[in-house]
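Chain by chain, the residues:
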There are 2 protein chains.
Amino acid sequence: MEYSLEYFSAAVETAVKNLSFPSTAPRLFEPVRYTLESGGKRLRPVLLLSVFAALSRRDIAEAMNQALGIEIFHNFTLLHDDVMDKADLRRGRPTVHRRWNENAAIISGDAMLTYASMLMSKCPADRLAAVNECFNTTAMGVYEGQQLDMEFERRMNVTVDEYIEMIKLKTSVLLAGACSIGAIMAEATPEISEKLYDYGLALGIAFQLRDDWLDTFGDPAIFGKEIGGDILNRKKTWLLITALGESEGELAAILAENPTDHILIERVRGVYDRLNLNERCSALAESYSQKAIEAIESIEMDADARRFFIELAKNASTRSH
Amino acid sequence: MEYSLEYFSAAVETAVKNLSFPSTAPRLFEPVRYTLESGGKRLRPVLLLSVFAALSRRDIAEAMNQALGIEIFHNFTLLHDDVMDKADLRRGRPTVHRRWNENAAIISGDAMLTYASMLMSKCPADRLAAVNECFNTTAMGVYEGQQLDMEFERRMNVTVDEYIEMIKLKTSVLLAGACSIGAIMAEATPEISEKLYDYGLALGIAFQLRDDWLDTFGDPAIFGKEIGGDILNRKKTWLLITALGESEGELAAILAENPTDHILIERVRGVYDRLNLNERCSALAESYSQKAIEAIESIEMDADARRFFIELAKNASTRSH
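Throughout this document, residue positions are counted from 1 along each chain, in the order its sequence is written. Going through the entries in the order they are written, you letter the chains from A and number the ligands from 1. Whole-chain, interface and lining totals are the exception, using all residues; otherwise, since this is a predicted model, local features are given only for residues with pLDDT of at least 70 and side-chain atom pairs are given and counted only at 80 or more. The side-chain quantities take in all heavy atoms of the structure and omit both hydrogens and water.

K.L.:
Help me understand the overall build of chain A in this model?
P.N.:
Helices and strands together make up the secondary structure of chain A, namely 16 helices and 2 strands. With C-alpha atoms as the basis for the radius of gyration, the globule rule is written as 2.2 Å multiplied by the number of residues raised to the power 0.38. Taking 2.2 N^0.38 as the reference for a compact globule, 321 residues should give roughly 20 Å; the C-alpha atoms of chain A span a radius of gyration of 20 Å, in line with that estimate. For chain A, the C-alpha atoms occupy an extent of roughly 60 × 50 × 35 Å along the three principal directions. Each residue's exposure class comes from its accessible area (1.4 Å probe, protein chains only) as a fraction of the maximum for that residue type: buried when under 20%, exposed when over 50%, partly exposed otherwise. Taken over 321 residues, chain A has a buried fraction of 59%. Contacts spanning at least 24 positions in sequence make up 73% of the contacts within chain A whose residues lie at least 6 apart. Using a 1.4 Å probe, the Shrake-Rupley method yields the accessible areas, and only the shown protein chains count as cover for residues. About 13400 Å² of surface is accessible on chain A, with carbon and sulfur atoms providing 49% of the total. Helix and strand definitions here come from DSSP, where helices need a minimum of 4 consecutive H or I residues and strands a minimum of 2 consecutive E residues; each element is numbered from the N-terminal end. The contact rule is simple, with two residues in contact once any of their heavy atoms fall within 4.5 Å.

K.L.:
I tried to follow the pattern of salt bridges on my own but got confused; where do I start?
P.N.:
Oppositely charged side chains are able to pair whenever their charged atoms sit close together. The salt bridge definition used is simple: a Lys or Arg side-chain nitrogen within 4 Å of an Asp or Glu carboxyl oxygen. Throughout the structure, instances matching the rule amount to 34 salt bridges over all chains. Notably, a salt bridge pairs A:Arg98 with A:Asp88, separated by 2.4 Å at the nearest N-O pair. Of this pair, A:Arg98 sits in helix α5 (residues 96–99) while A:Asp88 sits in the loop between α4 (64–85) and β1 (89–90), placing them 10 residues apart in sequence. Exposure remark for A:Arg98: the relative accessible area of 44% places this residue in the partly exposed category. Taking relative accessible area as the criterion, A:Asp88 reaches 44% and is therefore assigned partly exposed. A salt bridge links B:Arg58 to B:Glu62; its shortest N-O distance comes to 3.0 Å.

K.L.:
So what exactly am I meant to see when it comes to the packing of aromatic side chains here?
P.N.:
Note on aromatic pairs: each is described by the distance of the centres and the angle between the planes. Each Phe, Tyr or Trp ring, with Trp reduced to its six-membered ring, pairs with another whose centre is within 6.5 Å; inter-plane angles below 30 degrees give stacked pairs, above 60 give edge-to-face pairs, and intermediate values give tilted ones. Going through the model one piece at a time under the given rule, you end up with 30 aromatic pairs over all chains. Ring pairing ties together the aromatic residues A:Tyr3, A:Tyr7, A:Phe8, A:Tyr199, A:Phe308 and A:Phe309, which thus form one cluster. Lysine and arginine charges are scored as sitting over a ring when NZ or CZ, respectively, is within 6 Å of the ring centre and within 35 degrees of the ring normal. The ring centre of B:Trp213 lies 4.0 Å from the NZ or CZ of B:Arg210, which sits over that ring. Between the NZ or CZ atom of B:Arg319 and the centre of the ring of B:Phe207, over which it lies, the distance is 3.7 Å.

K.L.:
Please explain the interface of chain A and chain B as it appears in this structure.
P.N.:
Many analyses report the size of an interface as the accessible area lost when the parts associate. Across the contact, 39 residues belong to chain A and 39 residues belong to chain B. Buried area: the accessible surface (1.4 Å probe) lost by two parts on joining, summed over both. It is A:Ile107, A:Met140 and A:Glu144 in chain A that bury the most area against chain B; as a group they hold 16% of the surface buried on that side. Put simply, A:Glu151 and B:Arg27 hold a salt bridge, and the shortest N to O gap is 3.1 Å. Polar contacts, as counted here, are pairs of nitrogen or oxygen atoms within 3.5 Å of one another; within protein the pair requires one atom able to donate a hydrogen and one able to accept it, and residues that are adjacent in sequence qualify only if both atoms are side-chain atoms. The interface formed by chain A and chain B includes 8 residue pairs in polar contact (both at pLDDT 80 or more). Sorting the residues of the side of chain A that touches chain B by element identifies α4, α6 (102–121), α7 (125–153) and α8 (160–185) of chain A as the ones contributing at least two each. No other element matches α7(A), which puts 14 residues into the side of chain A that touches chain B. Each residue belonging to the side of chain A that touches chain B can be placed in one class, and the counts come to 21 nonpolar, 12 polar and 6 charged. Residues are sorted three ways: Asp, Glu, Lys and Arg are charged, Ala, Val, Leu, Ile, Met, Phe, Trp, Tyr, Cys and Pro are nonpolar, and all the rest, Gly among them, are polar.

K.L.:
So what exactly am I meant to see when it comes to the relation of the copies chain A and chain B here?
P.N.:
For the pair of chain copies, the relating transformation is a rotation about an axis with a translation along it. We superpose the copies by least squares over the C-alpha atoms of residues that have a pLDDT of at least 70 in both of them. Least-squares fitting of chain A to chain B yields an RMSD of 0.0 Å, with the superposition described by an axial translation of 0.0 Å and a rotation of 180°. Both chain copies can therefore be described as sitting about a two-fold axis. Both copies present the same face, since 100% of the interface residues in chain A are matched by interface residues at the equivalent positions in chain B.

Here it is, written out as structure tokens:
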């Protein structure tokens, strides 16, 4: 059994290419194919397949429908999020509602959610109830996270705890759910499934904190995006929330002044630097990577499987793109 | 066992009122509650419960989760349809995207679809796979129907067969699916479940054809809406499609002329009258009611259950509102 990102993600790519869709209204699935073929990290299906492989030592083809289901669900949330955020670009290409229109994005997204559910259900009868329940609970958590994220946009008094709770729901439960479903498919005990859930949850928080960090402190040449977008959008990231709480009104005053883009980024970064948020954000992200690694310490698995999960967890909080 | 619309729909109303939702992001569910409490015919859960009762003679409480699931799914489709159609009113109240905003309508709709799926899955393990599959296939059919409906808006050459296929998907498969799930919950054989599917399918077409008829020939005092909305919107109903095909260019010329609302309705109705579409549309709808009744002829059930299904089928094509 090979444990590498390349191996698992290549298997997912092939399976995505071979997906077939209902044919009565083929235009319904054009945006679906477009979205799925525009790539991305495939992190969720990779997690699901690697957990399945590590716990069962069986052929990952057995859990491929669920892996595709989780990837399609993730892409459905991006599709609807892009409509809600009025985003123009996703992975360097026009978003679905720009390339087609908003209605196509809404209805094709709906079809993706149901299609994800169909793929999830393609599993042995003895695991159907558990897979289903985990998938639906996970999905509901993601919507709750998205709802909280939208509510936070209109609030200036969001606390760090609230922020962590929000990203747990919006980002982490899906990684956690992917791990759990992999464990359920491998017929692991509920205890093991729960530990892997905790692994995914901590991994997701590390991943999101690093995302916030990269947007402000990343190297644009490697990150592949302009730096400072979150600051310009006044996005309630860990950095902004912490600085609002600790800068004694300074950051709030800068935001209220509303200077030009370049000056705004510079001055906000000045506040972040004084509060040492660069290192503190990194340290916090790394502590979650560590939590992830500890969550699976007691689970028996091959050495190269464990190495893979440790690498993945470390990478979440140290990656440069 | 009581077989009446009032009995089944009252049971659904009570169950809707007692629904509880996750509490982490309560605002996510405000539009859900608003949508569900604004009433409607509850036709789909009534079908599901009545089929369950007729085939099992057991307490309808046993199938209530699935009945609620199908009603929530239906309301989810209305919620997203209203966004796509930019509709202002639904059942006499502002639509969700008007009362809140478009983003609330999108994300709350997504949550409704997953919530419907959760309720569907609350069923004995031996029926879970069948219920799930029927629900997902039905949902996919509804999106395909909605997609075709949107595509038809931009086409002038839609045939009557294409129209019937579209309303089958957009409206009828959900009634058919409701009947099937009721049958599955009652542990009926696949043959019986299929006959009830056909009953729901024919019932749905009768229902939709009567809807088209009412919008043009109905009595506004009883119908509760202005007459002629479909004509003004140039909606591709059975009436418009048939008249476009049979009026030798006359209807197309009237539409191209684009006269004022009142004149447009009068002249289009003039064409419909000359082609005798009032009677022909009624006769076609009634033929589908008849088909529905025949579909369940060979199924054994109590006399008052059969009477209920026959009444429901006849009412679909003869109702005045």
